[in-house]
Amino acid sequence: MGPYYEHNFKTQVEKCEPPNQAIKAAMDSLINNGSQVHFGRWLIEGSPYVILFDIGAAAWNLDRWKGDLWNACSIGLPYHDREANDSLIFGSLVAWFFKELTDQLQDKPNVIAHFHEWQAGTGLLLSHFRKIPLATIFTTHATLLGRYLCAGNADFYNNLDKFNIDREAGERQIYHRYCLERAAVHCAHVFTTVSQITAVEANHMLHRQPDVVTPNGLNVRKFSAMHEFQNLHSMNKAKIQEFVRGHFYGHLDFDLEKTLFFFIAGRYEFSNKGADLFLESLSRLNYLLRVHKSDVTVVVFFIMPAKTNNFNVESLKGQAVRKQLWDTAQFVKEKFGKRLYESLLRGEIPDMSKILDRDDFTIMKRAIYGTQRHSLPPVTTHNMLDDSTDPILSNIRRIGLFNGRNDRVKIVFHPEFLSSTSPLLPMDYEEFVRGCHLGVFPSYYEPWGYTPGECTVMGIPSVTTNLSGFGCFMEEHVSDPSEYGIYIVDRRFRSADESCNQLTQFMFSFCQQSRRQRIIQRNRTERLSDLLDWRYLGRFYMYARHLALSRSFPSEFKMDHLNIAPVSPTQGFRYPRPSSVPPSPSASLHSTPHHSDEEDDDTYDEEEEAERDRQNIKAPFTLGAEPEGKSKQPLENGK
């Protein structure tokens with residue numbers, strides 16, 4: 001259920017009639033009383049049904065509904081806060097719909113309503129005060145005040161118990177929103193958060209301990225490439241290498257086969273997403289690689305949307321120069337191949353000094369002359385509107401990483417989301433991730449964190465923190481996450497400098513891995529996909545629903561009769577530390593100095609280790625509707 005927007009409805013929804021007569025009758029009741037309600041199938045995977053309420057068409061009721069809200073819970077909304085006003089209109093329509101629906105159904109069957117975030121919470125509030133017979137669940141993905149405090153550079157996690165919540169919300173002019181969120185939390189039969197770290201935060205900010213933690217899953221089948229994910233990495237890495245050849249033309253004095261691609265992506269929240277810590281760590285990594293005379297180069301991509309007016313000329317020129325060089329090479333190659341072919345037909349070994357004539361050398365010299373550049377490769381691919389005040393660019397100037405010849409760390413800031421139609425980097429985000437070696441997301445405030453999760457299911461190692469829901473989840477389920485390509489930076493119990501050094505060390509040790517060790521690690525990372533699959537994580541939601549039913553309809557549903565044990569975060573499985581080759585280079589050093597990456601190591605058996613990991617996964621159970629008086633047993637083997 002959500003708000004109706006005409007353009008989105010036309011392009012993203014297939015209109016149809018409700019298959020359930022009770023839903024149709026409830027919708028008709030609203031429509032007959034002057035509201036506009038739309039029903040259809042959302043054109044995404046699974047094609048779920050959607051009920052959409054037209055907020056604009058019902059806006060004339062706003063003042064009356066503000067009065068209803070005040071009478072119900074003494075919360076007033078200012079006229080200038082459009083988002084809060086829209087949430088009230090939407091919530092009022094939702095509560096009205098549920099009243100009509102439950103009147104139609106008469107408890108056959110019972111209804112569960114799951115509300116996400118404060119914008120939807122008004123519907124839960126009004127349903128509660130009108131005593132509509134619903135089982136309600138409220139999920140907060142990030143507390144409203146927590147996001148504001150962290151964005152303001154507060155030492156958030158060390159002062160959770162010291163904040164004056166009411167004053168902080170008032171100073172930020174969000175007190176009414178905070179009241180809506182907190183009221184929804186306390187009126188819900190079941191309160192859930194998406195991670196353990198957010199549960200701690202919610203306990204202090206909203207004064208209620210969550211009943212269940214419901215982690216965010218992924219549709220793993222969407223990303224699944226089975227045994228192809230290593231090939232996909234290789235193919236997409238080649239595309240990124242092509243971009244790098246153009247972007248760094250004239251300064252391409254590093255070996256692309258020994259170049260690693262790191263990236264950070266997401267909303268442009270400089271400190272919340274950890275870009276500040278990442279940049280400082282890159283400065284230290286650059287120093288370490290230079291001091292150790294490493295032949296590894298790291299190209300780091302910042303994929304964060306910022307205000308720009310277009311691609312910059314130097315970036316476009318780089319790709320044009322690369323294409324021109326490619327065309328020249330192809331032209332000379334064809335002439336060379338033809339002469340070589342003629343010579344071999346005559347039974348002669350060709351004289352290599354004569355097979356290319358003077359014109360060919362002239363063409364090649366002109367091409368090389370055209371690649372000369374007197375400026376450094378640009379740090380950003382676009383013309384930035386706030387160049388002088390942009391946080392990323394300001395910090396790059398501070399640490400002095402300008403893509404110089406001596407720098408082992410190069411930076412490319414792409415202030416726009418990726419697209420396959422881009423003239424610079426024509427790749428979709430998924431392709432780009434598969435082509436990189438490491439995703440770095442050292443977030444300070446990240447209630448869950450989809451970006452490292454997406455890296456994991458695509459077999460790409462990533463860095464996260466113990467302040468992100470994803471990082472906490474992995475710490476609970478994997479005994480040594482770094483062995484599986486999940487590096488967890490401690491940002492909760494260490495100083496900023498110590499966290500920065502730890503991140504630097506993670507990246508430096510990653511740079512020391514051999515190609516074979518990286519392949520082994522990617523295999524392990526991809527096997528963690530099952531941890532993030534909705535087939536497993538969906539059971540936390542199922543447990544929350546049954547708990548809500550048992551609290552709202554205690555005579556019909558009893559938890560002890562449902563044969564479901566309380567869900568603990570670590571219930572199910574836990575990956576042990578792999579006994580084979582670790583990703584760190586120390587255990588793989590050989591007595592002979594000429595060790596090949598392809599050399600076999602008897603301690604590592606991919607199939608054996610994969611089977612052992614699979615055994616550590618307890619098959620997820622499935623819950624269906626429970627007949628009254630009966631309990632459905634968890635299904636064996638997940639089937």
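Residues numbered from 1 in each chain as written. Predicted model: local features only at pLDDT ≥ 70, side-chain atom pairs only at ≥ 80, totals over all residues. Heavy atoms only, no water.

In the annotation of an unreviewed UniProt entry, the protein chain is listed under the name Glycogen [starch] synthase and assigned to Sinocyclocheilus anshuiensis. Entered under Pathway (unreviewed entry) in the UniProt record, the comment concerning the protein chain runs "Glycan biosynthesis; glycogen biosynthesis." (UniProt positions renumbered as here; feature names shortened; annotations may be inferred.)

J.: It is not clear to me how the packing of aromatic side chains should be interpreted in this structure. Could you clarify?
T.: Where two aromatic rings form a pair, the distance of their centres and the angle of their planes describe that pair. Applying the stated criterion across every chain yields a total of 28 aromatic pairs. For the ring pair Tyr487 and Phe510, a centre distance of 6.5 Å and an interplane angle of 85° mean the geometry is edge-to-face. Separated by 23 residues along the polypeptide, Tyr487 in strand E16 (residues 486–489) and Phe510 in helix H20 (residues 496–512) bring together distant segments of the chain. Note on Tyr487: relative accessible area 5%, which makes it buried. Its relative accessible area of 1% is what places Phe510 among the buried residues. Plain terms: the ring middles of Tyr536 and Phe540 are 5.9 Å apart, the flat faces sit at 90° to each other, and that makes the pair edge-to-face. Pair noted here: Tyr536 and Phe540 are both in helix H22 (residues 534–552), with a separation of four residues, about one helical turn. For the pair Tyr536 and Phe540, a shared accessibility class is recorded, and that class is buried. Among the aromatic residues, those joined into a ring-pair cluster are Phe243, Phe261, Phe263, Phe301, Tyr429, Phe432 and Phe441. Residue placement shows Arg41 over the ring face of Tyr49; its charged tip is 4.0 Å from the ring centre. If you follow Arg539 out to its NZ or CZ, it ends over the ring of Phe540, 5.8 Å from the centre. (Phe/Tyr/Trp six-rings, centres within 6.5 Å; stacked < 30°, edge-to-face > 60°. Helix = DSSP H or I, 4+ residues; strand = E, 2+ residues; numbered from the N terminus. Buried < 20%, exposed > 50% of the residue type's maximum accessible area, 1.4 Å probe, protein only. Lys NZ or Arg CZ within 6 Å of the ring centre and 35° of its normal.)

J.: Would you take a moment to explain the environment of Ser87 for this structure?
T.: Here Ser87 shows up in helix H4 (residues 82–105). Between the C-alpha atoms of Ser87 and Ile55, which are 32 residues apart in sequence, the distance is 8.9 Å. Residue contacts for Ser87: discarding those within four places in its chain leaves Trp118, Gln119, Thr122 and Leu180. (Contact = heavy atoms within 4.5 Å.)

J.: I keep staring at helix H6 (residues 144–151) and nothing clicks. Help me out?
T.: Side chains that are three or four residues apart share a direction in an α-helix, a result of its 3.6 residues per turn. If you check which residues of H6 are buried, you get Leu144, Leu145, Gly146, Leu149 and Cys150. Each element contacted by the buried residues of H6 is listed here: helix H5 (117–129), helix H7 (165–171), helix H8 (175–187) and helix H9 (196–205). Backbone geometry just downstream of H6 places Asn153 in the positive-phi region, at approximately 60°.

J.: What is the right way to read the sheet that holds E16 from this model?
T.: Sheet strands line up and pair through hydrogen bonds in the backbone, either parallel or antiparallel. With parallel pairing, the six strands of this open sheet are ordered in space as E13-E10-E9-E14-E15-E16. Each edge of the sheet is formed by a strand with only one pairing partner; in this case those strands are strand E13 (409–414) and E16. If you compare each strand with its neighbour and ignore which way they point, the axes differ by 25° on average. With four bridges connecting them, strand E15 (residues 462–465) and E16 associate as parallel partners. Residue pairing across strands places Ser462 opposite Ile486, the latter belonging to E16. Across the sheet, helix H12 (residues 275–291) is in contact with strand E9 (259–265), strand E10 (297–303), E13 and strand E14 (438–440); its angle to E10 comes to roughly 170°. (Pairing = 2+ DSSP bridges. Axes fitted to C-alpha atoms, helices over the stretch in contact; angles between N-to-C directions.)

J.: What's the story with the packing of helix H11 (residues 229–247) against helix H21 (residues 515–527) in this structure? I'm lost.
T.: In a packed pair of helices, the relevant descriptors are the angle between the two axes and the axis-to-axis distance. One can describe the packing of H11 onto H21 by two numbers: an axis separation of 10 Å at closest approach and a directional angle of 120°. Viewed along their axes, H11 and H21 adopt a mutual orientation that is oblique. Judged by the twist between their axes, the crossing of H11 over H21 is right-handed. On H21, the residues touching Phe229, Gln230 and His233 of H11 are Ile519, Arg522, Asn523 and Glu526. Looking at the contact of H11 with H21 residue by residue, the classes come out as two nonpolar, three polar and two charged. (Parallel < 35°, antiparallel > 145°, perpendicular 65-115°, else oblique. Left-handed = near helix turned anticlockwise from the far one by under 90°. Nonpolar A, V, L, I, M, F, W, Y, C, P; charged D, E, K, R; others polar.)

J.: Teacher, can you tell me more about the pattern of salt bridges here?
T.: Once the charged atoms of two side chains with opposite charge are near each other, the side chains can pair. Going through the model one piece at a time under the given rule, you end up with 37 salt bridges. As a salt-bridge pair, Glu168 and Arg172 come within 2.6 Å of each other at their nearest N and O atoms. Residue classification places Glu168 among the buried positions, given a relative accessible area of 10%. A single network of salt bridges, built from pairs that share partners, joins Arg167, Glu168, Glu171 and Arg172. (Salt bridge = Lys/Arg side-chain N within 4 Å of Asp/Glu carboxyl O.)

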